[in-house]
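The lines below spell out each chain.
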Amino acid sequence: RDWLLPGWLLCFGVGKKAASCGYFLRQEIRSEILLVTNADEKPSLQSMFQKGQLYPTYELAKNADPEKEEGQGFGEAITVHPVTEASLMYRLHKRFSRIRLEKTYQEIEQLQVQIRNLTSLLPASEAGLTWPIGISAPFVPKSRLEVIGWEYFTEQHSFSCPSGAPKCKLVGAGKADVSDILQAALEQLNRRHQPQLRFQRRQLLNGYRRFDPSRGMEYQLDLLLEATTQRGHRHLLAKRVSLLRPLSKVEILPVPHVTEATRVQLVVPLTVQGLDFLGSFLDTFAMNSLDTHDNARLLLLFIYDPYDAQRVGQVDVFAGAKAMVAELEKRYTEVRIPWVSVKTEVPSQVKLMDVVSKKHPVDTLFFLVGVWTEVTGQVLNHCRMNAISNWQVFFPVHFQEFNPVLTYRGEQAASSSSS
């Protein structure tokens, strides 16, 4: 006894004569089946009996096309013969896979009808019915940070490019996805409106898509169609269709465990141009981290250019910044805020982090920020949960204002709750 899986090809022959083959199609069959035949003999029985069960077979005509085979006998067959070449085996597998797929679609439609009939018994009635029926409702963002954006595309180009370019050509999987969804939209329209109308696609006017993690890939298409009536009359019309490519079976991926108790080491590179904003940054850091006893530490990098570095004995451009740090340490006696002086002509984040990392353990979680950044407890928790040691780096894209020097043009900058 053994399981017979789709795609198994069973051949029998006698002596030097060519073998006659049978293609096993069903997946859930567990029995003992014995076929004894050769090239000169054709099976006289169209069915096989074993233990009271019926196992129907189907005999293909010469040069038959599996795509054109219809009827209940073909659809219910367990084996098909003769299979004279390998390509015919794959065509049979394709045909029977399509038959099973259509049967699955019919079962889904029946379930959707049952769900629609039961909605009248629910408190929300039809208002609680989602589209498509049986699929999870769309994701509802709780804040602006969770809004899922739509990607605009045409048949040739996408206007949301990974490189950041405003426009890029559709290639590879992206182009195949657009072609497939356009074909699916046209097939669905024809299926719903035939035989009264038949549609042909002229042009994709607008296309939008977005990935909803709770549902799958959603599409909004504006199509220019040519509609043909039964009498042969033709006219153009524009129609918007909505489609959803639902998620398949969800697989849980193993991810290293992270907690919100990890210490975050803030690294703030400071140049002469940012001195005016250091006081505001230190006050915000004290209010959001020191007063709340958050597990975060601060390190300042004073970046000197070669000219200021030579005059540091006479005039230290960062003397005021160091005084602010000393004053903050007096207010919070249990806190120490170290600073490091770096001499460089062209500040580089890689070079600065190379200097800083040598002074800390290898498992330190660094958060490189600017002097204009407002660090809150929520931001630090995002950093802890999204940066995973030896696994993942966190690059937050935060909401920020333009440089106040450019925005206000000499006027007093207004305080901002987020930057």
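Relevant structure appears above.
From a predicted model like this one, the values you see are computed outputs, not experimental measurements.

Visitor: Please explain the packing of aromatic side chains as it appears in this structure.
Guide: Each aromatic ring pair is summarised here by two numbers: the centre-to-centre distance and the angle between the ring planes. All told, the structure shown has eight aromatic pairs when counted by the stated rule. Considering the side-chain rings of Tyr 304 and Phe 318, the 4.8 Å spacing of their centres and the 80° angle between planes classify their relative orientation as edge-to-face. One end of the pair, Tyr 304, is in strand S13 (residues 296-304); the other, Phe 318, is in the loop between helix H5 (306-310) and helix H6 (319-331), and 14 residues separate them in sequence. Accessibility expressed as a relative area gives 0% for Phe 318, which makes it buried. Cluster of aromatic residues (ring-pair linked, three or more members): Phe 302, Tyr 304, Phe 318 and Trp 339. The cationic tip of Arg 209 hangs over the ring face of Phe 153; the distance from NZ or CZ to the ring centre is 5.1 Å.

Visitor: I tried to follow the state of the cysteines on my own but got confused; where do I start?
Guide: Such a bond, covalent and formed between the sulfur atoms of two cysteines, is termed a disulfide. Per the stated rule, a full pass over the model turns up one disulfide. Shown here is the disulfide that connects Cys 161 with Cys 168, its sulfur atoms set 2.4 Å apart. Disulfide Cys 161-Cys 168: the torsion about the S-S bond is -110°, which places it as left-handed. You can call Cys 168 partly exposed: its relative accessible area is 22%.

Visitor: How should I be thinking about unusual backbone geometry in this particular structure?
Guide: Both trends apply: most residues other than glycine have a negative phi, and most peptide bonds are in trans. The peptide bond linking His 81 to Pro 82 adopts the cis configuration, its omega dihedral lying at -10°. Note on placement: Pro 82 falls in the loop between strand S5 (79-81) and helix H2 (86-118). Gln 194 connects to Pro 195 through a cis peptide bond whose omega is 5°. Backbone geometry places Asn 63, a non-glycine residue, at a positive phi of 60°.

Visitor: Where do I start with the pairing of strand S10 (residues 216-229) in this structure?
Guide: Each regular strand shows side chains that alternate between the opposite faces of the sheet. As paired elements, strand S9 (residues 197-212) and S10 share 14 bridges and run antiparallel to each other. Note that in S10 the partner of Asp 212 across the bridge is Gly 216. In this antiparallel pair of consecutive strands, S9 and S10, the connection spans three residues. Looking at chain direction, S10 and strand S11 (residues 234-246) are connected through 13 bridges and run antiparallel. Looking at S11, one finds that Ala 227 is bridged to His 235.

Visitor: Quick question: what am I supposed to make of the sheet that holds strand S15 (residues 365-368) here?
Guide: Strands pair in a sheet through their backbones, by hydrogen bonds, and they do so in one of two ways: parallel or antiparallel. The strand order across the open sheet built from four strands is S14-S13-S12-S15, with neighbouring strands paired in parallel fashion. Either end of the sheet is taken by a strand with one partner, and the two such strands are strand S14 (339-343) and S15. Neighbour to neighbour, the strand axes of the sheet diverge by 25° on average, direction disregarded. Where strand S12 (residues 264-270) meets S15, four bridges bridge the pair, whose relative direction is parallel.

Visitor: How should I be thinking about helix H7 (residues 349-357) in this particular structure?
Guide: Residue pairs three or four apart in sequence face the same way in an α-helix, which turns once every 3.6 residues. Within H7, the full set of buried residues consists of Leu 352, Met 353 and Val 356. An end-on view of H7 places all buried positions within 95° of arc, on one side of the element. Its buried side turned inward, H7 meets S12, S13, S14 and S15.

Calculation criteria
Residues numbered from 1 in each chain as written. Predicted model: local features only at pLDDT ≥ 70, side-chain atom pairs only at ≥ 80, totals over all residues. Heavy atoms only, no water. Phe/Tyr/Trp six-rings, centres within 6.5 Å; stacked < 30°, edge-to-face > 60°. Helix = DSSP H or I, 4+ residues; strand = E, 2+ residues; numbered from the N terminus. Buried < 20%, exposed > 50% of the residue type's maximum accessible area, 1.4 Å probe, protein only. Lys NZ or Arg CZ within 6 Å of the ring centre and 35° of its normal. Disulfide = S-S within 2.5 Å. Pairing = 2+ DSSP bridges. Axes fitted to C-alpha atoms, helices over the stretch in contact; angles between N-to-C directions. Arc of directions from axis to C-beta. Contact = heavy atoms within 4.5 Å.

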